Amino acid sequence: MKIMESRFYTPRQLLCVAEDDSPELLRLLDDERAYSSRYNPFLSLLDDILPGVYLSSSKLVISESRLGDFERCTDFHTVEYDTKSNRCYEKELCYFHPTLEIFILANTNLSNEYDERISQDGLLKISNVYYESTNDKSPINMQTLFDTYLHNYESSEAKVSILLKETHGLVLKTHRIKPYVVDLALMYNDDFSAVHQHIKAKLTDDSKGVVL
């Protein structure tokens, strides 16, 4: 499926400043050319034509086996390079559910970390969901999407969370840590063992609080 050839899209021409060596001050630029030159073309396009729900800070994923009910959108093919694995991958994956009439944006990076990339065969992380506000079935269709196709991803690795300010507000980004054995008797005072046990108990139950 091509979004720019579907009923959801109306072609436009954008007025922009011409390049320095052009005799014209302003020029018209087709939508398609404008979107194809952007870092996130699917995100830019769908943000312009449909309302959406931002999910990048969540842990929602979809199994690739469930994508049989979706159509792949092929307007753009974005490429990003991962320095740690020395691999290129598609940054944006866009799918459309023809029955629910919902677009989803996904990627292969399951990490919510600011400096790490985690991938797992068969899973895609959901970053955005788009729907038609004029469709009275949209609330039901959105709920069906979340209940039927999406689920939470939990990494079994040890990690800490860092509070960051992003465009959409405050988000938690996690950072993986390598656990190691701590010799409490060597590194702390004799009376710290009881404090250690208290902190462990509080971190593993459902209570909330602050430890200084």
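One can find the structure itself at the top, above this paragraph.
For clarity, every value in this text was computed on a predicted model and none was experimentally measured.

**Student:** What is the right way to look at the pairing of strand β9 (residues 102-107) in this model?
**Tutor:** Looking down a regular strand, the side chains alternate between one sheet face and the other. In terms of residue burial, β9 counts as a mostly covered element, since six of its six residues are buried. What you see with β9 is no split at all: Ile 102, Ile 104 and Ala 106 on one side and Phe 103, Leu 105 and Asn 107 on the other are buried throughout. The sheet contact formed by strand β8 (residues 93-97) and β9 spans five bridges and is antiparallel. Within β9, the position partnered with Tyr 95 by the bridge is Ile 104. Between the end of β8 and the start of β9, which pair antiparallel, lie four residues, with Glu 101 showing a positive phi angle near 55°. In this structure, β9 lies alongside strand β10 (residues 123-130), joined through five bridges in antiparallel fashion. If you follow Leu 105 over to β10, its bridge partner there is Asn 128.

**Student:** Could you clarify how one ought to interpret the state of the cysteines in this entry?
**Tutor:** Chemically, a disulfide is nothing more than a covalent bond linking the sulfur atoms of two cysteines. Taken as a whole and assessed by the stated rule, the structure comprises zero disulfides. Summary of cysteine pairing: Cys 73 is not part of a disulfide, and the nearest cysteine sulfur, belonging to Cys 94, is at 3.6 Å. When its relative accessible area of 1% is taken as the criterion, Cys 73 is described as buried.

**Student:** What is the right way to look at the pairing of strand β7 (residues 87-90) in this model?
**Tutor:** Pairing geometry for strand β6 (residues 79-82) and β7, over four bridges, is antiparallel. Bridge pairing links Asp 82 to Arg 87 in β7. What sits between β6 and β7 in their antiparallel hairpin is a turn of four residues, with Asn 86 showing a positive phi close to 55°.

**Student:** Just to check I follow, could you spell out the packing of aromatic side chains for this structure?
**Tutor:** The relation between two aromatic rings is expressed through the spacing of the ring centres and the mutual angle of the planes. Under the defined criterion, the tally for this structure stands at six aromatic pairs. An angle of 65° between the planes, with centres 5.4 Å apart, marks the rings of Phe 8 and Phe 96 as edge-to-face. With a gap of 88 residues between them, Phe 8 in the segment before β1 (13-17) and Phe 96 in strand β8 connect regions that are remote in the sequence. Pairing Phe 96 with Phe 103 gives two aromatic rings, centres 4.6 Å apart and planes at 40°, and the pair type is tilted. The rings of Phe 8, Phe 96 and Phe 103 are connected pair by pair, giving a single aromatic cluster. Lying over the aromatic face of Phe 8, Arg 7 brings its terminal NZ or CZ to 4.2 Å of the ring centre.

**Student:** Would you mind showing me how to read the pattern of salt bridges here?
**Tutor:** When the charged atoms of two side chains with opposite charge come close together, those side chains can pair. The full count for this structure, using the stated rule, is four salt bridges. Connected through shared salt-bridge partners, Arg 7, Glu 101 and Glu 132 make up one network.

**Student:** Explain the layout of surface pockets here, please?
**Tutor:** With a probe scaled to a water molecule rolled over the atoms, the places where space remains empty come into view. Roughly 310 Å³ of internal volume is contained in the second largest pocket. Contributing to the lining of the second largest pocket are 15 residues, with Arg 87, Thr 108, Arg 117, Ser 119 and Gln 120 lying nearest its centre. Split by residue class, the lining of the second largest pocket holds three nonpolar, five polar and seven charged.

**Student:** I keep staring at unusual backbone geometry and nothing clicks. Help me out?
**Tutor:** Keep in mind that most residues, glycine aside, have a negative phi and that most peptide bonds are trans. We note that Asn 86 has phi near 55°; this positive angle belongs to a residue other than glycine. Assessed through its relative accessible area of 56%, Asn 86 is described here as exposed. At Glu 101, a residue that is not glycine, the phi angle is positive and equals roughly 55°. Mapped onto the elements, Glu 101 comes out in the loop between β8 and β9. Taking the relative accessible area as the measure of exposure, Glu 101 reaches 24% and is therefore partly exposed.

Here is what the cut-offs are and how they apply
- Residues numbered from 1 in each chain as written.
- Predicted model: local features only at pLDDT ≥ 70, side-chain atom pairs only at ≥ 80, totals over all residues.
- Heavy atoms only, no water.
- Buried < 20%, exposed > 50% of the residue type's maximum accessible area, 1.4 Å probe, protein only.
- Helix = DSSP H or I, 4+ residues; strand = E, 2+ residues; numbered from the N terminus.
- Pairing = 2+ DSSP bridges.
- Disulfide = S-S within 2.5 Å.
- Phe/Tyr/Trp six-rings, centres within 6.5 Å; stacked < 30°, edge-to-face > 60°.
- Lys NZ or Arg CZ within 6 Å of the ring centre and 35° of its normal.
- Salt bridge = Lys/Arg side-chain N within 4 Å of Asp/Glu carboxyl O.
- 1 Å grid on protein atoms, 1.4 Å probe; cavity = no way out; pocket = protein on both sides within 12 Å on 5 of 7 lines; lining within 4 Å.
- Points joined across faces, edges and corners; volume = space filled by probe spheres on them.
- Nonpolar A, V, L, I, M, F, W, Y, C, P; charged D, E, K, R; others polar.

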